[in-house]
Amino acid sequence: MVSRAVFSRSRPLLARYDVSPHLVKWWAKVKPDDGQVTRHLSPFEQHAIMGWFQTWPGKLMDRAPQWIMYVGGSLGLSYAIITLGDAADAAEDYKHRF
């Protein structure tokens, strides 16, 4: 039979769950660092772009007059060219029918 004294030294080490038993000696020698950040907020808790999500509709409406002419003009010109191209294609198809 195995003597109870064999495991008497490891019993207190096994009671700790934060450090693995094989690392207890190593962590005992580590000195705390002064000024090192050991705890911080997770990036998921900081809401880095939440402010942008809350303010973008207002910014969009404030800046729309500056660029709506270019976007609207480009879309209008594209629509006109496509419509005229379809009309010209239909006229050519009508002219060359049997």
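Computed from a predicted model, the values in this text were never measured in an experiment. (Residues numbered from 1 in each chain as written. Predicted model: local features only at pLDDT ≥ 70, side-chain atom pairs only at ≥ 80, totals over all residues. Heavy atoms only, no water.)

## What to know about the overall build of the protein
Let me state the cut-off plainly: Only DSSP runs of H or I reaching four residues or more are called helices, and only runs of E reaching two or more are called strands; each is numbered from the N terminus. Residue exposure (1.4 Å probe, protein chains only): buried if accessible area is under 20% of the type maximum, exposed if over 50%, otherwise partly exposed. Using a 1.4 Å probe, the Shrake-Rupley method yields the accessible areas, and only the shown protein chains count as cover for residues.
Secondary structure assignment for the protein yields 4 helices and 0 strands. Each helix and strand of the protein, ordered N terminal to C terminal, gives the series α-α-α-α. Taking all 98 residues of the protein together, the buried fraction comes to 3%. Accessible area for the protein stands at about 10100 Å²; split by element, carbon and sulfur atoms hold 64% of it.

## Digging into the packing of aromatic side chains
For clarity, the threshold we go by: Each Phe, Tyr or Trp ring, with Trp reduced to its six-membered ring, pairs with another whose centre is within 6.5 Å; inter-plane angles below 30 degrees give stacked pairs, above 60 give edge-to-face pairs, and intermediate values give tilted ones.
Tallied over the full model, the rule gives 2 aromatic pairs. Both rings, one in Trp52 and one in Trp56, keep their centres 6.3 Å apart while their planes meet at 20 degrees; by these two values the pair is stacked. Separated by 4 residues within a single helix, Trp52 and Trp56 lie in helix H4 (residues 50-95), roughly one turn from each other. With relative accessibility at 48%, the residue Trp52 sits in the partly exposed group.

## As for a negative patch on the surface
Inclusion rule: Surface patches are defined over residues having more than 30% relative accessible area and no salt bridge, joining like charges when they lie within 9 Å and nonpolar side chains (Val, Leu, Ile, Met, Phe, Trp, Tyr) when within 5 Å. Definition used for salt bridges: Asp or Glu carboxyl oxygen within 4 Å of a side-chain nitrogen of Lys or Arg. Counting rule for charge: Lys and Arg are taken as positive, Asp and Glu as negative, and neither His nor the chain ends is counted. Every charge is mapped to an atom, namely NZ of Lys, CZ of Arg, CG of Asp or CD of Glu.
A surface patch of like charges, here negative, comprises Asp86, Asp89, Glu92 and Asp93. Along the polypeptide, Asp89 turns up in helix H4. What makes Asp89 partly exposed here is its relative accessible area of 41%.

## A closer look at the confidence of the model for the protein
As a reminder, the rule being used: pLDDT expresses, on a scale from 0 to 100, how confident the predictor is about each individual residue.
The predicted model of the protein averages 78 in pLDDT, with 65% of residues at 70 or higher. In the model of the protein, helix H1 (residues 10-14) stands out as the element of lowest mean pLDDT, 56, in contrast to H4, which has the highest, 91.

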